[in-house]
Amino acid sequence: MTTTRGRGRPRIGDPTAPSEGEILRRGLTAFAELGYDGTSVRELAGRLGVSHNFINTRYGSKAGFWRAVVDHALPDKGHPVPESAADDVDRIRVTVTNFYRHAARHPELSRMLTDEFSRDSDRLDYLYEHYVAPTVAAVAPSVDRLVAAGRLAPIPMHLLYFAVVGPVAGLTQTPLARHLGRPEPAGDDDLTEIADALTAVVLNGLLPAGR
């Protein structure tokens, strides 16, 4: 009696392999759950459903795969200020709105970034250079003008950044949010509504109408 041997995990070029987007989404989930150091190449291969040498062959290394995951998950150049913004307040409002909406739809990304932002590493340097710094540079002129006009308190940029980024926990720490009474979102429209409500709370504190 003969036994048919299984094909094993798909390799590069195998039509049964997961799509590039699916591979990167699974990678993001792995890094969010386990952290970079806790995610081995073997663990990634198992979660991605690919051969053990897939990561090194396709992306060069685990670090290269991590960068590909980040570039797939984050908007190009962070959260750029739209040219159509009416004024400085609108530029900040739209930037914060886009940031919170993206975070609400991708909580695993925020969990991964929270871990990376707490560690001094080459990965933090990559995130800062490619995503954080471009976003800060885009809104800094609007912030300066609003401070000069008395519309915004003159607080250091690093504190202003964390005043906006910190509340994102309300969108990404979903188990705790449920305990606090957050309804389970039924779809993207509900996530947008929650994100926009947080935008209003934060910006009403930073830019009160009476100032």
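As shown above, the structure is provided for reference.
Let me begin by describing the structure that accompanies this report. Just so you know, these numbers come straight off a predicted model, no measurement behind them.

1. Overview of the nonpolar core
One recurring pattern in soluble globular proteins: nonpolar side chains tend to sit buried together.
Then comes step 1: Core analysis: the biggest nonpolar cluster contains 27 residues, and Phe31, Tyr59, Phe65, Trp66, Val70 and Met112 have the highest contact counts within it.
Then comes step 2: Elements with a minimum of two residues in this core: α1 (20-34), α2 (41-48), α3 (54-59), α4 (62-73), α6 (107-117) and α7 (122-148).

2. Quick look at the pattern of salt bridges
Then comes step 1: In total, this model carries 13 salt bridges according to the counting rule given.
Then comes step 2: For arginine 26, the salt bridge is made with glutamate 22, and the minimal N-O distance between the two is 2.9 Å. Taken together, the residues span about one helical turn, with arginine 26 and glutamate 22 both in helix α1 at a distance of four residues.
Then comes step 3: Residue aspartate 90 pairs with arginine 93 through a salt bridge whose shortest N-O separation is 2.3 Å. Of the two residues, aspartate 90 and arginine 93 both sit in helix α5 (residues 88-105), three residues apart, roughly one turn of that helix.
Then comes step 4: Each of the salt bridges in this network shares a partner with another, and the network as a whole consists of Glu22, Arg25 and Arg26.

3. Considerations on the environment of arginine 105
Then comes step 1: Structurally, arginine 105 can be placed in helix α5.
Then comes step 2: Residue arginine 105 is classed as partly exposed on the basis of its relative accessible area, which comes to 31%.
Then comes step 3: Distance from arginine 105 to alanine 195, taken between C-alpha atoms, is 9.3 Å for residues 90 residues apart in sequence.
Then comes step 4: With residues up to four places along the chain from it excluded, the contact list for arginine 105 reads Asp188, Leu191 and Thr192.

Definitions and cut-offs
Residues numbered from 1 in each chain as written. Predicted model: local features only at pLDDT ≥ 70, side-chain atom pairs only at ≥ 80, totals over all residues. Heavy atoms only, no water. Core = buried A, V, L, I, M, F, W, Y, C linked by side-chain atoms within 4.5 Å. Buried < 20%, exposed > 50% of the residue type's maximum accessible area, 1.4 Å probe, protein only. Helix = DSSP H or I, 4+ residues; strand = E, 2+ residues; numbered from the N terminus. Salt bridge = Lys/Arg side-chain N within 4 Å of Asp/Glu carboxyl O. Contact = heavy atoms within 4.5 Å.

Worth remembering: the numbers are spatial, not functional.
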